[in-house]
Amino acid sequence: RSKTSGRGRFSFYDETLDHELEERRLLAIDLRTALADRTLCLHYQPLFEAEDRDTATGFEALMRWNHPTRGNVPPSIFIPLAEECGEIEALGTWAIEQACNDATLWKDCARVAVNLSAAQFRAEATDVVSVVSHALEKTGLAPERLELEITESLLISNPEQVLDSLNRLSNLGVRIAMDDFGTGYSSLAYLWRFPFNKVKIDRAFVKELEDEGKVSLIIGSIVSLAHSLGMRVNAEGVETELQRDALRQLGCDELQGFLLGRPAPNESHEPHVDIDRRAA
Ligand code: C2E
Ligand code: MG
Ligand code: MG
Ligand code: MG
């Protein structure tokens, strides 16, 4: 019996793995045509000044993929897939241009934040600085209104090259934010070397805020470090009033989370014009 179940189990796992690989392969094929198929779009989540719950001063662009047969595929699945199959460059360039274009139509001059992948900074990639400056030129968005979000992992891979790109982006006048702060390896040691305007404290800390006293000490010290380096502090994933009040108390400058606003299509904010459909 044990022999049979052992073999059965082995072949079960094997099949599962095969099945998963096949699923990813199929998904990757569909991802290649997703831009042309117009199944990708950007949703926007509001960013609020900590002291002002009424006005969103910025919006984070979050990519959404509405797959023709599978429905919504989450970014946690398709972004890593796009990175693996080399599609992220095209997707990333589209996201920057679309976000800049959308933002020009916002009456309130709110900022727009766009997430960048490490792959967009690689030497073989189209120079990310040219992509950004081209998008600004094409759409006419003021550089100060664009914010680029990068994660700590990017800084480890090729710090010198990344530093150079970030400095050039910073010289264009765009803002740079460190996303998911506290989840990577480099953390505090790297902060001062790079031209960050903002640090976004990862949702994982905010989640623990109510139950774990030490977390507020950690957030407090991130805030004071960031402030002494001249950076603003955003806290992500604010879901409760208690968290919001605590984060204000701890000196966070900007709050973001389901309590304050969920990601939503651009149409719910301002009239939407698709960048590819504009008259040339
Ligand atoms: P991120 O940049 O850290 O974005 C914040 C994520 O937290 C979003 O997930 C957002 O929907 C979610 N979120 C915001 N507030 C709350 C909250 O109160 N509670 C909870 N539970 N979640 C909240 P989303 O949209 O699924 O995106 C996941 C990640 O995918 C992003 O994390 C980002 O790393 C990546 N991503 C999304 N769009 C793009 C893109 O255009 N380019 C690149 N390179 N990455 C993207
Ligand atoms: Mg982000
Ligand atoms: Mg984040
Ligand atoms: Mg994240």
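Data block above holds the structure.
Owing to the predicted nature of the structure, the values given are computational and were not obtained by experimental measurement.

## Looking at the overall build of the protein chain
The secondary structure content of the protein chain amounts to 11 helices and 10 strands. Residues classed as buried in the protein chain amount to 44% of the 280 residues present. Summed over all atoms, the accessible surface of the protein chain reaches about 14400 Å², with 52% contributed by carbon and sulfur.

## Looking at the site of ligand 1
Neighbouring ligand 1 are 21 residues; Arg64, Asn115, Asp179, Glu239 and Phe258 lie closest to it. Interatomic distance of 3.0 Å between a backbone N/O atom of Met63 and a nitrogen atom of ligand 1. Between ligand 1 and Glu239, the relevant distance is 2.5 Å, taken from a nitrogen atom to a side-chain nitrogen or oxygen of the residue. Look at ligand 1: alone it shows 800 Å² of surface, and the protein chains cover 82% of it. Of the pockets mapped on this structure, ligand 1 occupies the largest pocket.

## Side note on the packing of aromatic side chains
Scanning the entire structure with this criterion turns up 4 aromatic pairs. Between Phe194 and Phe196, the ring centres sit 6.0 Å apart and the planes meet at 35°, which makes this aromatic pair tilted. Residue classification places Phe196 among the buried residues on the basis of a relative accessible area of 5%. The structure contains a cluster of three or more aromatic residues connected by ring pairs, namely Tyr44, Phe59 and Trp106. For the cation-ring pair, Arg262 lies above Phe258, with the distance from its terminal atom to the ring centre recorded as 4.0 Å.

## Structural notes on the coordination of the magnesium ion (ligand 2)
Every protein donor of the magnesium ion (ligand 2) is listed here as Glu60 (OE), Asn115 (OD1), Glu149 (OE) and Asp179 (OD), and their distances to the metal cover 2.0 to 2.2 Å. Counting gaps between the donor residues of the magnesium ion (ligand 2) yields the pattern E-x54-N-x33-E-x29-D. In this model, the magnesium ion (ligand 2) sits 4.0 Å from the magnesium ion (ligand 3), the two metals being bridged by Asp179. Placement of the pair is Asn115 in strand β4 (residues 111-115) and Glu149 in strand β5 (residues 146-151), with a sequence separation of 34 residues. According to the relative accessible area criterion, Glu149 is buried, its value standing at 1%.

## Some thoughts on unusual backbone geometry
Even without glycine at this site, Cys109 takes up a positive phi of about 60°. Tracing the chain through its elements places Cys109 in the loop between α4 (88-104) and β4. A positive phi angle, close to 50°, is found at Asp180, a residue other than glycine. By the element assignment, Asp180 lies in strand β6 (residues 175-181). Asp180 sits in the partly exposed class, given a relative accessible area of 26%.

## With respect to the side chain of His43
Inspection of the secondary structure assignment puts His43 in strand β1 (residues 40-49). His43 gets classed as buried once you look at its relative accessible area, which sits at 18%. Look past the residues within four positions of His43 in its chain and what remains in contact with it is Glu60, Ala61, Leu62, Arg64, Pro263, Ala264 and Pro265.

## Looking at the packing of helix α5 (residues 128-139) against helix α7 (residues 159-172)
Relative orientation of the contacting elements α5 and α7 amounts to 15°, with a least axis distance of 9 Å. On the basis of their axis angle, the class for α5 and α7 is roughly parallel. By crossing handedness, the relation of α5 to α7 is classed as right-handed. Together, Val128, Val129, Val132 and Ser133 of α5 and Ser165, Arg168, Leu169 and Leu172 of α7 make up the contact between the two elements. Residue classes in the contact of α5 with α7 are distributed as 5 nonpolar, 2 polar and 1 charged.

Conventions and cut-offs
- Residues numbered from 1 in each chain as written.
- Chains lettered and ligands numbered in written order.
- Predicted model: local features only at pLDDT ≥ 70, side-chain atom pairs only at ≥ 80, totals over all residues.
- Heavy atoms only, no water.
- Helix = DSSP H or I, 4+ residues; strand = E, 2+ residues; numbered from the N terminus.
- Buried < 20%, exposed > 50% of the residue type's maximum accessible area, 1.4 Å probe, protein only.
- Areas by Shrake-Rupley, 256 points an atom, 1.4 Å probe, with all protein chains shown as cover.
- Near = heavy atom within 4 Å.
- Polar contact = N/O pair within 3.5 Å; in protein donor to acceptor, adjacent residues only side chain to side chain.
- 1 Å grid on protein atoms, 1.4 Å probe; cavity = no way out; pocket = protein on both sides within 12 Å on 5 of 7 lines; lining within 4 Å.
- Sits in = over half its atoms within 2 Å of the grid points.
- Phe/Tyr/Trp six-rings, centres within 6.5 Å; stacked < 30°, edge-to-face > 60°.
- Lys NZ or Arg CZ within 6 Å of the ring centre and 35° of its normal.
- Donors = N, O, S within 2.8 Å, 3.2 Å for Na, K, Ca; no water.
- Contact = heavy atoms within 4.5 Å.
- Axes fitted to C-alpha atoms, helices over the stretch in contact; angles between N-to-C directions.
- Parallel < 35°, antiparallel > 145°, perpendicular 65-115°, else oblique.
- Left-handed = near helix turned anticlockwise from the far one by under 90°.
- Nonpolar A, V, L, I, M, F, W, Y, C, P; charged D, E, K, R; others polar.

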